[in-house]
Amino acid sequence: MNILILGGGGREHALAWAVMQNPKCDKLIVAPGNAGIAKIADCAALDIEDGAAVIGFAEAEAIDFIIIGPEAPLAAGVSDDLRGAGFLVFGPSQAAAQLEASKAFTKEICDAAGAPTAGYGHFTDAETAKAYIRENGAPIVVKADGLAAGKGVVVAMNEAEALEAVDDMFGGAFGGAGAEVVIEEFMEGEEASFFILCDGTDVLAIGTAQDHKRVGNGDTGPNTGGMGAYSPAPVLSDAIAERAMREIVKPCMAEMARRGTPYQGVLYAGLMIKDGAPRLVEYNARFGDPECQVLMMRLGGQALDLMQAAAQERLAETQVNWADDHAITVVMAANGYPGAYEKGSVIEGLEGLLEDSFNMTFHAGTALSDGAIVATGGRVLNVTARGASLAEAHKRAYEMVDAIDWPGGFFRSDIGWRAL
Ligand code: AMP
Ligand code: GLY
């Protein structure tokens, strides 16, 4: 099978690594890819948000299966274009990807499905939004409706902060994403991520994870895209996962199908868990980054079979082979991230690292320059390991981190602390 993966981050490196373990894969191309991906697959420059360009490329390369990594091509409808041209695709339609692209849409689906989530109001002007905040008081959560690269959420601990967030969002701080605003009840509890494959009719849980959003040790400092993750998430016990499936995921998927927009791909459910009860924080229409790295480390080559089964509407007859193992990934980021960061610093020590089914360093933002690996992004490396226990995986991952020589970067030294 000839496979094309769209994207070029650590998530796509992990997807590529898993797909390559599967003997079904004859040829793998990742577009645009990065310097780490280039070591295991072909990389191609391609505008992945341009459906016609992706179709042309996939036809020329005789591609049989296309896996879409990031949200931007999904929101742009690239999966619809590809399906329209007859390709087998892993990734939801533009209409179904609204579950990530619009927070108000997700709330509407939860209402219709009776899925537990925070109480909310949906606003198109600042005055009504502010009246709602004054009426409900703080803490309260203000969200730009659209895609804002994870930055459109303000968890306001007091009323003044919430009112200011409303002014910022309607004032254009997040561009079009903030033209509509959702204001939510603040939920207490512990957060965890639940990953479910969906084929439009059936669903299949493929793992749980927890990430670390704050930049600093002890969960301090500004929010980031994620500084590390581990799987499984102990807080998402089998019983709670089963309950989340029954009360949240299945009713929402049924509602999507009822509306004529069945969801097919991976559904990433962000859950808040309190007293054994899960509530939905948000959906994403893709794998988490860096959560995907730990999931792929645990699933290995079967990930390809699972994604293909979802695309072919065969999940009812598909099973996951679980190993009783643990994985952890430590993000190494460029100094300054998540603010302005330096680009081009040289990373050394990567050649000596183990690369096997227990140890992998996934590249998130790297390029090859004059024979050296240099940093090109904020999050740059995802140092990932697997073990029989989280402690063993943790030890392996940090041994690799210590062997990497990169003065231009930093990492959190406490990934997994909550579970360890
Ligand atoms: P989201 O982009 O919707 O996942 O929001 C980003 C982060 O804000 C979440 O991961 C939570 O930590 C926090 N958050 C979002 N909504 C709520 C809520 N209703 N109550 C408490 N925290 C929330
Ligand atoms: N790590 C969070 C996300 O991918 O949205």
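As shown above, the structure is provided for reference.
Report on the accompanying structure. Everything numeric in this text was worked out from a predicted model, so none of it was measured. (Residues numbered from 1 in each chain as written. Chains lettered and ligands numbered in written order. Predicted model: local features only at pLDDT ≥ 70, side-chain atom pairs only at ≥ 80, totals over all residues. Heavy atoms only, no water.)

### A word on the sheet that holds strand β5 (residues 88–90)
Here's step 1: Spatially, β3-β2-β1-β4-β5 is the arrangement adopted by the five strands of the open sheet, whose pairing is parallel. Strands with a single pairing partner mark the edges of an open sheet, and in this sheet they are β3 (42–43) and β5.
Here's step 2: As paired strands, strand β2 (residues 27–32) and β3 are joined by two bridges and run parallel to one another. Paired with V30 across the strands is C43, a residue of β3.
Here's step 3: Contacts between helix α1 (residues 10–21) and the sheet are confined to β1 (2–7), β2 and β4 (65–68), with β1 contributing the most and set at about 165 degrees to the helix. (Pairing = 2+ DSSP bridges. Helix = DSSP H or I, 4+ residues; strand = E, 2+ residues; numbered from the N terminus. Contact = heavy atoms within 4.5 Å. Axes fitted to C-alpha atoms, helices over the stretch in contact; angles between N-to-C directions.)

### Remarks on the side chain of D145
Here's step 1: Position of D145 among the secondary structure elements: in the loop between β7 (140–144) and β8 (153–156).
Here's step 2: Buried and without a salt bridge, D145 has K103 as its closest oppositely charged side chain, separated by 8.1 Å.
Here's step 3: Here S102 takes part through its side chain, which lies 3.0 Å from a polar atom of the side chain of D145.
Here's step 4: If near-sequence neighbours (up to four positions away) are discounted, D145 is found in contact with A101, S102, K103, A104, A177, E180, V181 and V182. (Buried < 20%, exposed > 50% of the residue type's maximum accessible area, 1.4 Å probe, protein only. Lys, Arg positive; Asp, Glu negative; His and termini not counted. Salt bridge = Lys/Arg side-chain N within 4 Å of Asp/Glu carboxyl O. Polar contact = N/O pair within 3.5 Å; in protein donor to acceptor, adjacent residues only side chain to side chain.)

### Observations concerning the packing of helix α7 (residues 126–136) against helix α8 (residues 159–170)
Pairs of packed helices are described in terms of their axes, by the angle between the two and the distance that separates them.
Here's step 1: Packing of α7 against α8 leaves a shortest axis separation of 10 Å and a crossing angle of 165 degrees. By the angle between their directions, the pair α7 and α8 is classed as roughly antiparallel. α8 is crossed by α7, and the crossing has right-handed handedness. For the pair α7 and α8, the contacting residues are A126, A129, K130, I133 and R134 in the first and E159, A162, L163, V166, D167 and F170 in the second.
Here's step 2: Of the residues contributing to the contact of α7 with α8, the split by class is seven nonpolar, no polar and four charged. (Parallel < 35°, antiparallel > 145°, perpendicular 65-115°, else oblique. Left-handed = near helix turned anticlockwise from the far one by under 90°. Nonpolar A, V, L, I, M, F, W, Y, C, P; charged D, E, K, R; others polar.)

### Things to note about the site of ligand 2
Here's step 1: Taken together, D211, G225, Y268, R286, G288, D289, P290 and E291 make up the full set of residues adjacent to ligand 2.
Here's step 2: Between ligand 2 and D289, the relevant distance is 2.9 Å, taken from an oxygen atom to a main-chain nitrogen or oxygen of the residue.
Here's step 3: Here E291 contributes a side-chain N or O atom positioned 2.9 Å from a nitrogen atom of ligand 2.
Here's step 4: Against a free-state accessible area of 200 Å², the protein chains account for coverage of 87% of ligand 2.
Here's step 5: The class makeup of the residues in the shell around ligand 2 is two nonpolar, two polar and four charged. (Near = heavy atom within 4 Å. Areas by Shrake-Rupley, 256 points an atom, 1.4 Å probe, with all protein chains shown as cover.)

### Some remarks on the side chain of S345
Here's step 1: Within the element layout of this structure, S345 appears in the loop between β17 (326–334) and β18 (346–347).
Here's step 2: Residue S345 is classed as buried on the basis of its relative accessible area, which comes to 11%.
Here's step 3: Not counting residues within four places of it along the chain, the set of residues in contact with S345 comprises I373, V374, A375, W406 and G408.

### A few points about the site of ligand 1
Here's step 1: As a structural note, the neighbourhood of ligand 1 is formed by 15 residues, with E184, E185, M187, E191 and E282 the closest of them.
Here's step 2: Taking M187, its main chain carries an N or O atom lying 2.8 Å from a nitrogen atom of ligand 1.
Here's step 3: Here an oxygen atom of ligand 1 sits 2.8 Å away from a polar atom, N or O, in the side chain of E282.
Here's step 4: For ligand 1, whose accessible area on its own is 470 Å², the fraction buried by protein is 88%.
Here's step 5: Secondary structure elements with two or more residues in the shell around ligand 1: β7, β8, β9 (181–185) and β16 (277–284).
Here's step 6: Partitioned by chemical class, the residues of the shell around ligand 1 number eight nonpolar, no polar and seven charged.

### A closer look at the packing of helix α6 (residues 103–113) against helix α9 (residues 238–258)
Here's step 1: At a closest axis distance of 9 Å, the pairing of α6 and α9 adopts a crossing angle of 105 degrees. One element, α6, and the other, α9, form an angle in the roughly perpendicular class. Contacts from F105, I109, C110, A112 and A113 in α6 reach P251, C252, E255 and M256 in α9.

### Quick word on the nonpolar core
Here's step 1: Counting residues in hydrophobic clusters, the biggest one holds 52 residues, and the most contacted among them are L4 and M253.
Here's step 2: At nine residues, the largest contribution of residues to this core is made by α9.
Here's step 3: Leave out the neighbours within four places in its chain, and L4 touches I29, A31, V54, F57, A58, I63, F65, I66 and I67.
Here's step 4: M1, A41, L197 and F287 belong to the second largest nonpolar core, which has 44 residues in total. (Core = buried A, V, L, I, M, F, W, Y, C linked by side-chain atoms within 4.5 Å.)

### Here we look at the packing of aromatic side chains
Here's step 1: Taken as a whole and judged by the stated rule, the model has seven aromatic pairs.
Here's step 2: The interplanar angle of 50 degrees and the centroid separation of 4.8 Å between the aromatic rings of F195 and Y268 together place this pair among those described as tilted. A residue pair is termed long-range when its members are at least 10 positions apart, and F195 in strand β10 (residues 190–199) and Y268 in strand β15 (residues 264–274) qualify at 73 residues. As far as the burial class goes, F195 and Y268 line up, both buried. (Phe/Tyr/Trp six-rings, centres within 6.5 Å; stacked < 30°, edge-to-face > 60°.)

### A short note on the sheet that holds β8
Here's step 1: Pairing in this open sheet of four strands is antiparallel, and the strands run β6-β9-β7-β8 from one edge to the other. Pairing within the sheet leaves two strands with one partner each, and these edge strands are β6 (120–123) and β8. Across the sheet, the axes of successive neighbouring strands diverge by a mean angle of 15 degrees, strand direction being ignored.
Here's step 2: Inspection of the sheet shows β6 paired to β9 by four bridges, in the antiparallel sense. Along β9, the bridge assignment pairs G121 with I183.
Here's step 3: Across the sheet, α7 touches β6, β7 and β9, and the angle it forms with β6 is around 160 degrees.
Here's step 4: Lying over the sheet, α8 contacts β6, β7, β8 and β9, oriented at roughly 5 degrees with respect to β7.

Note that every value here comes from positions in space, so none of it alone points to a role or purpose.
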